[in-house]
Amino acid sequence: MTSPAEGGADPYRDWDGAYVLGALEPGERREFERHLLVCGPCRGAVAELAGMPGLLGAVPAQEALAMDAAAGAEAAGGPGAVPLASVAAAARRRRARGRALLASVAACAVLAAGAGGWAAGRGTAAPAAPVAQAPDPQVPQTVELSPVGEVELWASVTVTPTAWGTRFDWTCDYPASGGDEDIVYTLVLVDDEGARSTAATWSWSESGAPSGLGASTALPLDRIDGVEIGLAGTEGALASGRV
């Protein structure tokens, strides 16, 4: 793989938004991560957006599912509300406009969280990603998440150290919801000081279960103590595991 300097215009320059949202296909994600090892500008772009999934997660479930008609109109060229789960799909379809879409929806998240006063105490956004020139020598590990309470939710999370932070890929065994309405889940990280941050937010319904879930954070693996899955807009975990 050539660097932008060797190959002219960088063909990956618009992939950062879709990558941070976890919207790239598995093959595309691996391709982009190999590119990040040799491209400083793309690493910097990913670092700038690393805290956005946590910002999007700092919105109550009802507001997340209906947020924000204006963002949807701007991204799609027409009216209509955009559920939070649609952001990742939209980024995949319009990868060239991924950064603009991400910034627009993130701005709506700031307004929604500020209006309700809900975001206070939710934890800090991921720190700025370090710029590294070589891959981390550590190998991926699998973390099994078990139910914390009565809700039977299980998950298996592959945690992979990278040159810019940590990568997460996971699958879930969801409890029956009794309906086809969307349920918004969050992937929450607990660091070595007990601080909690949201790494990803996604929705699920019995009419269509998501697959290929993935997210990234600038937080290095050696600072992550635990991984949890919870419901957006609520405190506490449905399932958790130690890293």
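Everything numeric in this text was worked out from a predicted model, so none of it was measured.

1. What to know about the overall build of the protein
Looking only at helices and strands, one finds 9 helices and 8 strands in the protein. Relative to its 243 residues, the protein shows a buried fraction of 46%. Contacts spanning at least 24 positions in sequence make up 61% of the contacts within the protein whose residues lie at least 6 apart. A total of about 11200 Å² of accessible surface is found on the protein, and carbon and sulfur atoms cover 54% of it.

2. A word on the packing of aromatic side chains
Tallied over the entire structure, the rule returns 9 aromatic pairs. Between Y12 and F32, the ring centres sit 6.4 Å apart and the planes meet at 35°, which makes this aromatic pair tilted. Of this pair, Y12 sits in the loop between α1 (4-7) and α2 (16-20) while F32 sits in helix α3 (residues 26-36), and the two are 20 residues apart along the sequence. Judged by relative accessible area, which is 0%, F32 ranks as buried. Through a chain of ring-to-ring contacts, the aromatic side chains of Y12, W15, Y19, F32 and W164 assemble into a single cluster.

3. Focus: the state of the cysteines
Counted under the stated rule, the structure contains 0 disulfides. Of the cysteine sulfurs around C42, a residue in no disulfide, the closest is that of C39, at 3.5 Å. A relative accessible area of 5% places C42 in the buried class.

4. Overview of the side chain of S216
Its place among the elements puts S216 in strand β6 (residues 213-217). If we skip the residues at most four places from it in the chain, S216 touches Y19, V20, T166 and R167.

5. A closer look at α3
When we look at burial in α3, the residues that qualify are R29, F32, E33, H35 and L36. The buried residues of α3 occupy an angular sector of 155° when projected down its axis, which confines them to one face.

6. Considerations on the environment of D222
Here D222 lies in the loop between β6 and β7 (224-231). Assessed through its relative accessible area of 61%, D222 is described here as exposed. Taking the C-alpha atoms as reference points, D222 and D192, separated by 30 residues in sequence, lie 8.3 Å from one another.

7. Here's the deal with the side chain of R167
Looking at the secondary structure, you find R167 in strand β3 (residues 165-173). A distance of 3.5 Å separates a polar atom in the side chain of R167 from the backbone oxygen of A215. If near-sequence neighbours (up to four positions away) are discounted, R167 is found in contact with Y19, R29, E33, T158, V159, T160, T162, G214, A215 and S216.

8. So, the sheet that holds strand β8 (residues 239-242)
Strands sit in the order β5-β4-β7-β8-β1-β2-β3-β6 across an open sheet of 8 strands; the sheet is antiparallel. Strands with a single pairing partner mark the edges of an open sheet, and in this sheet they are β5 (196-204) and β6. The sheet shows a mean angle of 20° between the axes of neighbouring strands, direction not considered. One ladder, built from 8 bridges, connects strand β4 (residues 183-191) with β5; its direction is antiparallel. Residue L187 lies in a different strand from β5, and its bridge partner there is A200.

9. Some points on the nonpolar core
Of all hydrophobic cores here, the largest spans 26 residues; its most connected members are F168, W170, L187, W202 and I229. Elements represented by at least two residues in this core include exactly β1 (141-147), β2 (154-162), β3, β4, β5, β6 and β7. A total of 4 residues in this core trace back to one element, the largest contributor, which is β5. With residues near it in sequence (within four places) discarded, F168 still touches V157, T158, V159, L187, L189, L213, G214, A215, T217, I224 and V227. Counting 16 residues, the second largest nonpolar core, distinct from the first, contains Y12, V20, L21 and A23.

The rules behind these values
- Residues numbered from 1 in each chain as written.
- Predicted model: local features only at pLDDT ≥ 70, side-chain atom pairs only at ≥ 80, totals over all residues.
- Heavy atoms only, no water.
- Helix = DSSP H or I, 4+ residues; strand = E, 2+ residues; numbered from the N terminus.
- Buried < 20%, exposed > 50% of the residue type's maximum accessible area, 1.4 Å probe, protein only.
- Contact = heavy atoms within 4.5 Å.
- Areas by Shrake-Rupley, 256 points an atom, 1.4 Å probe, with all protein chains shown as cover.
- Phe/Tyr/Trp six-rings, centres within 6.5 Å; stacked < 30°, edge-to-face > 60°.
- Disulfide = S-S within 2.5 Å.
- Arc of directions from axis to C-beta.
- Polar contact = N/O pair within 3.5 Å; in protein donor to acceptor, adjacent residues only side chain to side chain.
- Pairing = 2+ DSSP bridges.
- Axes fitted to C-alpha atoms, helices over the stretch in contact; angles between N-to-C directions.
- Core = buried A, V, L, I, M, F, W, Y, C linked by side-chain atoms within 4.5 Å.

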